[in-house]
Amino acid sequence: MVNMEIKKEEETKEISHEKGDDDAATAAVAEEKMKLSVDEVIEKYVGSFGLSQMLQVVLVSFSWVFDSQNTLVTIFTDAQPSGWRCKTSAINASLSPSWCMNDTAGGGGNEGQLAGHVCGLAAGSWEWTGGNSATTIAEWDLICHRKFLAAIPTSLFFIGSIFGCTFYGRLADVWLGRKKTLLLACILTSITTFFASLSPNVWIYSFLRFANGFARSGNGICSIVLSMEVVGNKWRGQVGQYGFFFYTAGLLSLPFIAYPIRTHWRYLYRIISLPPLVYIFLLVPLVVESPRWLLVRGRNKEALEVLRKLARWNRKKLPDNIELIIPSQATTTGSEGDKDTIGDENENIWTTRWAAKRMIIVMLFGFGVGFVYFGIQLNTENLNFNLYLTVIINALMEIPAIIIGGILLSFTNRRLLSSLSAISAGVLCILCIIFTTASSKNTSSSNWPKLTIEAIGFMASSITFDVLNIYCVELFPTNVRNFAVSMSRASLMLGASLSPLLVAVGRLSPSLSFIVLGALSIVSGTLSVWLPETRNAPLYETLKQQEEEKRRRLRQPTVV
């Protein structure tokens with residue numbers, strides 16, 4: 001009897017032991033099956049937006065400071081000199097003091113009066129009041145029959161940016177990644193900026209401005225992508241928008257740097273060449289690579305480690321059994337850390353019909369936005385207002401543009417916001433014509449209203465510019481996202497490269513320049529209606545995944 005009871009107890013233990021083994025096996029299987037996308041890991045375990053993401057955004061957004069400084073430095077270095085005067089010897093020999101006095105009073109940077117008086121004077125009979133080293137125009141005499149040369153450096157800068165956008169976009173997507181590309185862009189920006197200050201003539205200067213445009217174009221591309229790829233869906237718009245505060249800081253810093261050294265344009269280039277060097281040594285090492293890019297390159301282990309690091313900074317922890325996956329993407333059975341994605345390198349925007357169509361619309365929209373956004377800023381000298389004060393006012397208008405844009409992005413559709421802001425900027429530019437006509441009759445009474453309308457129009461164009469950059473990030477998947485953003489920025493720069501010509505036209509006819517700006521902005525605003533809405537949509541990883549998800553949604557029955 002006792003033996004039978006012992007035997008039953010042993011059988012019960014064996015059954016319990018087998019059941020425990022089965023439970024453990026089931027748990028192990030469950031652990032193996034915990035496969036999540038980057039979006040799911042961020043939303044569930046890292047946090048949609050925490051301390052780690054805020055630090056990442058701040059660190060990478062510093063590069064926008066160098067971007068804006070190098071882009072708009074020519075407002076001061078290539079400006080029309082403030083005035084001129086006859087030399088004493090010329091007055092005594094052939095020119096009357098009254099003629100020179102009247103001409104100096106009226107010739108303060110006005111192209112028409114320069115052409116009517118200075119261009120007819122003998123060489124050596126007059127001089128710039130600020131000295132020949134104040135601007136490139138003064139140093140190399142880019143006036144009269146050489147005045148067209150003054151627009152070449154700025155135009156070549158933006159053309160260099162077009163080539164740079166294409167280069168950096170491919171480099172960041174396929175080879176170096178976002179972080180290393182940002183590092184390279186900052187190094188090249190610093191070098192080319194410094195060498196521009198050593199230019200012996202306008203031709204070398206133009207070439208170095210081209211090189212500088214090529215170099216700095218990687219800053220903005222990598223910055224916005226690195227910011228938006230580590231946050232949750234609902235924070236993408238705000239994060240991308242608030243990063244432009246640093247662009248504004250760079251623009252706002254220029255008048256304060258330029259004014260004390262206004263008689264030496266070369267010093268301005270040397271000063272703004274230093275911050276990128278400080279940045280790459282002190283801040284870039286703290287930046288983390290995009291986990292999305294690491295994942296699509298097959299570096300799953302590194303991507304997971306980045307997410308764990310972000311989670312730790314947010315005082316959270318990732319489960320040990322997480323495995324990152326790319327939905328709808330075939331994988332090999334190789335060991336973790338090996339390249340296990342298939343077909344990423346072969347996917348291309350231009351060979352995918354829906355992506356190519358979308359990219360073309362974005363680029364057309366970007367062309368108009370770039371022309372208007374940079375055209376308004378470069379056209380400030382044609383407002384007949386203090387140049388330094390005008391730049392400061394425009395820079396300050398960027399701040400409400402960022403705040404308003406960030407608020408609107410949290411609940412407004414991207415498509416609607418980009419369209420309305422572009423059209424509003426166009427209407428305000430056209431309204432400037434009324435005050436431009438009035439200012440020719442009574443300058444003192446109409447300059448401030450004109451400047452106010454111009455500033456509000458610039459704010460609207462700034463909102464459009466910022467929203468387009470965010471919109472483009474959301475329209476395309478990770479494996480081509482940097483390339484898409486680079487193409488969008490290339491179109492922005494193409495529009496910007498033509499804006500110096502508008503400045504030249506504005507010197508002769510300010511009304512015509514505002515008509516061109518207004519009409520192009522309105523036309524651009526209508527293009528966004530052909531783009532899909534992306535608010536609260538997930539960030540896809542591959543073109544294949546995004547296309548399959550689109551087809552799946554179309555197949556779903558409509559619920560009435």
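In this text the structure is predicted, and so the values were computed from the model without any measurement.

**Examining the overall build of the chain**
In terms of helices and strands, the chain carries 25 helices and four strands. In the chain, which comprises 560 residues, the share counted as buried stands at 54%. In the chain, the proportion of contacts linking residues at least 24 apart, taken out of those at least 6 apart, comes to 83%. When the accessible surface of the chain is summed, it comes to about 24,300 Å², and 64% of that surface belongs to carbon and sulfur atoms.

**With respect to the environment of W530**
In this fold, W530 is placed in the loop between α24 (510–527) and α25 (543–555). Considered as a pair, W530 and R358 are 172 residues apart in the sequence and their alpha carbons are 8.3 Å apart.

**Regarding the confidence of the model for the chain**
For the chain, the average pLDDT comes to 81, and 80% of its residues sit at 70 or higher. Per-element confidence in the chain ranges from a low mean pLDDT of 45 for helix α7 (residues 97–106) to a high of 96 for helix α15 (residues 265–272). In the model, residues 328–344 has pLDDT below 50 throughout and makes 35 contacts with residues more than four positions away in sequence or in other chains. Within the model, pLDDT remains below 50 along residues 440–446, and this stretch shows three contacts once partners closer than five positions in the same chain are excluded.

**Concerning a nonpolar patch on the surface**
Where nonpolar side chains cluster on the molecular surface, the patch consists of Y242, L396, I399, I403, I407 and F411 and spans about 520 Å² of accessible area. Here I407 lies in helix α20 (residues 387–409). Under the relative-accessibility criterion, I407 is labelled partly exposed at 46%.

**Side note on helix α14 (residues 244–258)**
Between the first and last C-alpha of α14 there are 22 Å, a value that for 15 residues agrees with the 21 Å anticipated at 1.5 Å per step. If you check which residues of α14 are buried, you get F244, F246, Y247, T248, G250, L251, S253, L254, P255 and A258.

**Comments concerning the packing of aromatic side chains**
This model, assessed by the stated rule, comprises 25 aromatic pairs. Seen in terms of ring centroids, W140 and W265 are 5.5 Å apart; in terms of plane orientation they differ by 70°. Their pairing is edge-to-face. Separated by 125 residues along the polypeptide, W140 in helix α9 (residues 136–140) and W265 in helix α15 bring together distant segments of the chain. Residue W140 shares its accessibility class with W265, and that shared class is buried. Residues F167 and F214 carry aromatic rings whose centres are separated by 5.4 Å and whose planes lie at 35° to one another, so their mutual orientation is tilted. You can see F167 sitting in helix α10 (residues 152–175) and its partner F214 sitting in helix α12 (residues 202–228), a full 47 residues away along the chain.

**Here we look at the side chain of S524**
Relative to the elements of secondary structure, S524 occurs in helix α24. Since its relative accessible area comes to 2%, S524 is described here as buried. Polar side-chain contacts of S524 include one of 2.8 Å to the backbone oxygen of L520. In this structure, S524 is in contact with F365, G368 and V369, ignoring residues within four places of it in sequence.

**Notes on the nonpolar core**
What tends to happen in soluble globular proteins is that the nonpolar side chains get buried as a cluster. In terms of nonpolar packing, the biggest core is built from 117 residues, with L72, F76, I224, I349, F374, F476 and L517 touching the most fellow members. With 14 residues, the single largest contributor to this core is helix α22 (residues 443–475). With residues up to four places along the chain from it excluded, the contact list for L517 reads F371, V372, G375, I376, C429 and L502. Counting residues in each nonpolar core, the second largest holds 23 residues, with M34, V231, A303 and A311 among its members.

**Structural notes on the environment of T129**
Mapped onto the elements, T129 comes out in the loop between β3 (126–128) and α9. In sequence terms T129 and C86 are 43 residues apart; their C-alpha atoms lie 9.4 Å from each other. Contact partners of T129, with chain neighbours within four places excluded, come to S82, G83, W84 and R85.

Calculation notes
- Throughout, a residue's number is its position along its own chain's written sequence, starting from 1.
- Owing to the predicted nature of the model, reporting of local features is limited to residues with pLDDT of at least 70; listing and counting of side-chain atom pairs is limited to 80 or more, with chain, interface and lining totals taken over all residues.
- Side-chain measures here rest on the full set of heavy atoms in the structure, leaving out hydrogens and waters.
- Helical segments are the DSSP runs of H or I of at least four residues, strand segments are the runs of E of at least two, and each set is numbered from the N terminus.
- Throughout, exposure labels follow a simple rule: accessible area from a 1.4 Å probe, protein chains only, divided by the maximum for the residue type, with under 20% read as buried, over 50% as exposed, and the rest as partly exposed.
- Any two residues whose heavy atoms approach within 4.5 Å are treated as being in contact.
- Methods summary: accessible areas were calculated by the Shrake-Rupley approach with a probe of 1.4 Å, and residue burial reflects only the protein chains presented.
- The score called pLDDT rates the predictor's confidence residue by residue, from a low of 0 to a high of 100.
- Every patch collects residues that have over 30% relative accessible area and no salt bridge, joining them within 9 Å if they carry like charges and within 5 Å if they are nonpolar side chains (Val, Leu, Ile, Met, Phe, Trp, Tyr).
- The working definition used for a salt bridge is a side-chain nitrogen of Lys or Arg within 4 Å of a carboxyl oxygen of Asp or Glu.
- A helix is expected to span 1.5 Å for every residue after the first.
- In this analysis, rings of Phe, Tyr and Trp, with Trp reduced to its six-membered ring, are considered paired at centre separations within 6.5 Å, and the interplanar angle assigns stacked below 30 degrees, edge-to-face beyond 60, and tilted for intermediate values.
- Here a polar contact is recorded for every N or O atom pair within 3.5 Å, except that within protein the pair must consist of a potential hydrogen donor and a potential acceptor, and residues adjacent in sequence are included only if both atoms are side-chain atoms.
- For the purposes of this section, nonpolar cores are sets of buried Ala, Val, Leu, Ile, Met, Phe, Trp, Tyr and Cys residues that join through side-chain atoms within 4.5 Å.

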